[in-house]
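# What the coordinates show
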Amino acid sequence: MAESEEEVDVLVQRVVKDITNAFKRNPNIDEIGVIPCPEARYNRSPIVLVENKLGVESWCVKFLLPSVHNKLLLYRQRKHWLDREALADITCTLLLLNPDFTTAWNVRKELLQCGALSPEKDLYLGKLALTKFPKSPETWIHRRWVLQQILLQSSGRSRKHPQSEEEQAEGEQADGEHSRRLGVLLARTLHQEMKVCSDAACRYPSNYNAWSHRIWVLQHMATGNVKSHFSPQVFHDELSSMRLWVSMHVSDHSGFHYRQFLLKELIAELSQAPASTTSSKGIPQHLCSTLPGSSPPLPGHDQANGEEADEEGRQLGSTTLLQLFHQEVELCTDLIQSFPGHETLWSHRRHVYYLWHNWRREHQCHRGSNAGSEPDHLDNGPAGPLKACAQSPAGGGQDGVNGQRHASDSMQVDGASLPDPRNSKRLKRGALLPGAPALPSELGFVSGILDSGCNPEQRRFALAYRKWLDTVIGEHP
């Protein structure tokens, strides 16, 4: 074992070189770790590479980490000179063992800005560091900075204004190719970031940093300047893909908070989207094919039909949101009944119902401002009410909460009854609307839980939810 300063320096140089060579031999390393080994038993390298896994024997860490840390600090104080290649190797070694060392990330920022490193290489290093330290805040912060550089480089490539028609045609063709490549790059980067976040969330429960990064990625790469490439299809795909994950992590508050963010984004997108974006581009195809009024527009529509198309687009967006709310409440119901006693599930149900309650009130206010327009599918008056629970696939002819039928009563959505699409001339013949959340059905669900002889924790959460319904929702119907 190395003891003197010279021996430690030789050991550190050897280990840093071995780590660098390991990445050269296998560029597909996907996980790092520390191998418990109190002392060096053999005269061999402490760096172990097995398939795609890189391990560092623990006995050398107490020598390696302080040495590379001091070298980097001396470089920042201009007391020790290191070339770019040495800086890249030292910071790589240091960050794999201690990714929360901000100075090392700042040095790599400088190397990236001067072209000595590529953004992809830094994203790869951060991905490996997160396999050992999945909650490292500095790693997530640096990762967002690198993604911002990628977005700036992609959007900052401008072309000169063409002078002739030939140059203009060539410029348009080049711009089209550039847009296509940009879309492919952003889609691939988005997919990689979702995978990194999922892996980190699985390694560390309630990983707030990972879920916050995932939200940031969607906000900056699935909206804004690249909105036409993704949103809102990406939000719905994320909502669908996360259904299995939250079903397997019923106590992960951060994961359910992410679903709440997706619901808010879908509400904003589908509530404001015009008819052109509320069609098959804005709503997933499998939802459009099952919703009333989702037939594709016929070619040759003139301007006279523009207002009717916009109205149908708004109704289609509202119907899609109604189905999303229905599916989310169904998910909450299934998880609460299958995994009793988890506060996260009740908190998520409360938030989902609160989102629905606010959206329904805003929707009614919007319709109240358009007094001359026809009533939409959320309020069809006393004529032709929709018996939602009896007609919804999940209801099976019953309430779906406490098993009681409502065959002769209209399904009330906090005072607004759902219509039968067959009685609305704006809604074409198609699938019936799903049941929406309602205060009576929520109270019935709570009563069913309390009457089922649940455990004390489940009973406490159910009573708290019923009190919230009475005090918050009951006072503002």
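### Focus on the overall build of the chain
Helices and strands together make up the secondary structure of the chain, namely 16 helices and five strands. Scored against the burial criterion, the 477 residues of the chain give a buried share of 45%. Taking all contacts inside the chain whose residues are at least 6 apart in sequence as the whole, residues at least 24 apart take part in 69%. Here the chain has roughly 24,800 Å² of accessible surface; of this, 51% comes from carbon and sulfur atoms.

### Things to note about the sheet that holds strand E1 (residues 31–35)
Strand order in the open sheet formed by three strands is E1-E3-E2, and the pairing between neighbours is mixed. A strand with exactly one partner marks an edge of an open sheet, and here the two such strands are E1 and strand E2 (47–50). Going from strand to strand, the sheet's axes swing by 25 degrees on average, the running direction of each strand aside.

### Digging into the pairing of strand E3 (residues 53–57)
Burial within E3 is extensive, with four of its five residues counted as buried. Pairing between E1 and E3: five bridges, direction parallel. Along E3, the bridge assignment pairs Ile32 with Leu54. Across four bridges, E2 lies against E3 in antiparallel orientation. Residue Leu49 lies in a different strand from E3, and its bridge partner there is Leu54. Two successive antiparallel strands, E2 and E3, enclose a turn made up of two residues, where Glu51 displays a positive phi of approximately 55 degrees.

### Remarks on the environment of Ser179
As for its position among the elements, Ser179 is in helix H7 (residues 165–203). Judged by its relative accessible area of 38%, Ser179 is partly exposed. Along the sequence, Ser179 and Ser154 sit 25 residues apart, while their C-alpha atoms lie 9.4 Å from each other.

### Notes on helix H6 (residues 137–155)
Here H6 is 19 residues long and its end C-alpha atoms lie 27 Å apart, about the 27 Å a rise of 1.5 Å per residue gives. Buried residues of H6: Thr139, Trp140, His142, Arg143, Trp145, Val146, Leu147, Gln149, Ile150, Leu151 and Ser154, and no others.

### Regarding the nonpolar core
Counting residues in hydrophobic clusters, the biggest one holds 59 residues, and the most contacted among them are Leu218, Tyr258 and Trp346. Excluding residues within four positions of it along the chain, Tyr258 makes contact with Met194, Trp211, Arg214, Ile215, Leu218, Glu238 and Met242. Counting 39 residues, the second-largest nonpolar core is a separate cluster that includes Val56, Tyr75, Val107 and Leu125.

### Focus: the confidence of the model for the chain
This prediction gives the chain a mean pLDDT of 78; 69% of its residues lie at or above 70. Confidence, read as mean pLDDT per element, is least for helix H14 (residues 388–391) in the chain (35) and greatest for helix H5 (residues 119–132) (96). Here residues 224–229 is modelled with pLDDT under 50, and outside its nearest four sequence neighbours on either side it reaches seven contacts, counting other chains as well. Segment residues 379–432 is flagged for pLDDT under 50; beyond a separation of four residues in sequence, or across chains, it makes 110 contacts in the model.

### Some thoughts on the environment of Arg84
Within the element layout of this structure, Arg84 appears in helix H3 (residues 84–97). Each C-alpha atom, one on Arg84 and one on Leu117, is 9.2 Å from the other, the two residues being 33 residues apart in sequence. When sequence neighbours within four positions are dropped, the list of residues in contact with Arg84 reads Leu111, Cys114 and Ala116.

### Some details on the pattern of salt bridges
Tallying each qualifying case throughout the model produces 12 salt bridges. A salt bridge links Arg460 to Glu457; the shortest N-O distance between them is 2.6 Å. Taken together, the residues span about one helical turn, with Arg460 and Glu457 both in helix H16 (residues 456–473) at a distance of three residues. A network of salt bridges, in which partner residues are shared, links Asp30, Glu31 and Lys53.

### Considerations on the packing of aromatic side chains
Tallying each qualifying case throughout the model produces 12 aromatic pairs. For the pair Phe325 and Trp356, a centre-to-centre distance of 5.5 Å together with 70 degrees between the ring planes defines the contact as edge-to-face. Within this pair, whereas Phe325 is found in helix H12 (residues 306–338), its partner Trp356 is found in helix H13 (residues 343–369), the two being separated by 31 residues in sequence. Feature note: the residues Trp211, Phe235, Trp245, Tyr258 and Phe261 constitute an aromatic cluster, connected by ring pairs. Against the face of Trp145 rests Lys109, its NZ or CZ located 5.5 Å from the ring centre. Over the face of the ring belonging to Phe445 we find Arg349, whose NZ or CZ atom lies 3.9 Å from the ring centre.

### Brief notes about the packing of H5 against H6
The interhelical angle for the contact between H5 and H6, taken along N-to-C directions, is 160 degrees, at an axis separation of 10 Å. Here H5 is positioned roughly antiparallel relative to H6, judged by the angle of their axes. At the point where H5 passes H6, the crossing takes the left-handed sense. Where H5 approaches H6, its residues Pro119, Asp122, Leu123, Gly126, Lys127 and Leu130 are matched on the opposing element by Thr139, Trp140, His142, Arg143, Val146, Leu147 and Ile150. Residues of the contact of H5 with H6, tallied by class, amount to seven nonpolar, three polar and three charged.

### Some details on the state of the cysteines
For the structure shown, the criterion picks out zero disulfides. Among the cysteines around Cys37, which has no disulfide bond, Cys60 carries the closest sulfur, lying 9.0 Å off. Residue classification places Cys37 among the buried positions, given a relative accessible area of 14%. Overall, Cys60 belongs to the buried group, its relative accessible area being 1%.

### Considering the side chain of His348
Here His348 lies in helix H13. Excluding residues within four positions of it along the chain, His348 makes contact with Phe256, Arg259, Gln260, Glu328 and Cys332.

### Points about unusual backbone geometry
Backbone geometry at Arg78 places phi at a positive 60 degrees, although glycine is not the residue there. By relative accessible area, which is 79% here, Arg78 ends up exposed. Here the phi dihedral of Ser206 falls at roughly 50 degrees; this positive angle occurs in a residue that is not glycine. Secondary-structure assignment places Ser206 in the loop between H7 and helix H8 (208–221). The class of Ser206 is partly exposed, set by a relative accessible area of 30%.

So, how was this worked out
Residues numbered from 1 in each chain as written. Predicted model: local features only at pLDDT ≥ 70, side-chain atom pairs only at ≥ 80, totals over all residues. Heavy atoms only, no water. Helix = DSSP H or I, 4+ residues; strand = E, 2+ residues; numbered from the N terminus. Buried < 20%, exposed > 50% of the residue type's maximum accessible area, 1.4 Å probe, protein only. Contact = heavy atoms within 4.5 Å. Areas by Shrake-Rupley, 256 points an atom, 1.4 Å probe, with all protein chains shown as cover. Pairing = 2+ DSSP bridges. Axes fitted to C-alpha atoms, helices over the stretch in contact; angles between N-to-C directions. Expected span 1.5 Å × (residues − 1). Core = buried A, V, L, I, M, F, W, Y, C linked by side-chain atoms within 4.5 Å. pLDDT = per-residue confidence, 0-100. Salt bridge = Lys/Arg side-chain N within 4 Å of Asp/Glu carboxyl O. Phe/Tyr/Trp six-rings, centres within 6.5 Å; stacked < 30°, edge-to-face > 60°. Lys NZ or Arg CZ within 6 Å of the ring centre and 35° of its normal. Parallel < 35°, antiparallel > 145°, perpendicular 65-115°, else oblique. Left-handed = near helix turned anticlockwise from the far one by under 90°. Nonpolar A, V, L, I, M, F, W, Y, C, P; charged D, E, K, R; others polar. Disulfide = S-S within 2.5 Å.

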